[in-house]
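Analysis of the macromolecular model
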Amino acid sequence: MKLEKHYFWKIQDLGKWKTTRFRCTEDHIKDDHPEAICIESSLIDRWVPETDEEMWEQYRKTSTGVLNNPGQYLPPKTSTPSTDFMDSLSKDVPF
């Protein structure tokens, strides 16, 4: 995995200076806006997978960052509606 530094940037658009809505790397922004100025206080370090194995390892992580069994996919658990609620729907309600 490689570490990338992402910033918000000040860019010149139609003669006016604006701030980008999304963070990106210097290599990415300099392709379209060579005059771009980074906003140092907006730095975020992101680990980016370089190989397919690293990508799949990231994919298998849960939202808590705990790696499940690497060979097994566990679909998210869904809650089942209570039987009382389902029974109440089947009763006829006079209107």
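Preceding block: the structure.
Presented here is an overview of the structure given in this document. (Residues numbered from 1 in each chain as written. Predicted model: local features only at pLDDT ≥ 70, side-chain atom pairs only at ≥ 80, totals over all residues. Heavy atoms only, no water.)

1. Quick word on the overall build of the protein
Defined as follows: Here a strand is any run of E in DSSP of at least two residues, a helix any run of H or I of at least four, and the numbering for each starts at the N terminus. Relative accessibility decides the category of a residue: with a 1.4 Å probe and only protein chains considered, values under 20% of the type maximum give buried, values over 50% give exposed, and everything between is partly exposed. By definition, residues are in contact when any of their heavy atoms lie within 4.5 Å. Per-residue and other accessible areas follow the Shrake-Rupley method at a 1.4 Å probe size, with only the shown protein chains counted as cover for residues.
When its secondary structure is counted, the protein shows three helices and three strands. When the helices and strands of the protein are listed from N to C terminus, the series reads β-β-α-β-α-α. By the burial criterion, 12% of the 95 residues in the protein qualify as buried. Sequence-distant contacts, at least 24 apart, represent 47% of the contacts inside the protein between residues at least 6 apart. For the protein, the exposed area adds up to about 8,400 Å²; of that, 54% sits on carbon and sulfur atoms.

2. A word on unusual backbone geometry
A negative phi angle characterises most non-glycine residues, just as the trans form characterises most peptide bonds. We note that Leu14 has phi near 55°; this positive angle belongs to a residue other than glycine. Within the secondary structure, Leu14 sits in the loop between β1 (2-13) and β2 (16-19).

3. Topic: the sheet that holds β2
Inclusion rule: Strands pair, by our definition, only if DSSP identifies at least two bridges between them. Under this scheme, a helix contributes an axis fitted over its contacting stretch, all axes are lines through C-alpha atoms, and angles between N-to-C directions fall in the 0 to 180 degree range.
Ordered by their spatial adjacency, three strands build an open sheet running β2-β1-β3, and the pairing between neighbours is antiparallel. Each end of this open sheet is capped by a strand with a single partner; those strands are β2 and β3 (37-48). Averaged over neighbouring strand pairs, the angle between their axes works out to 30° when direction is ignored. In this sheet, β3 lies alongside β1 in antiparallel orientation, the contact comprising eight bridges. Paired with Trp9 across the strands is Cys38, a residue of β3.

4. Thoughts on the environment of Ile39
Mapping Ile39 onto the fold places it in strand β3. Among the residues examined, Ile39 registers a relative accessible area of 23% and is labelled partly exposed. Considering only alpha carbons, one finds Ile39 and Arg23, 16 residues apart in sequence, at a separation of 9.9 Å. The residues touching Ile39, leaving out its near neighbours within four places in the chain, are Tyr7, Phe8, Trp9, Lys10 and Thr19.

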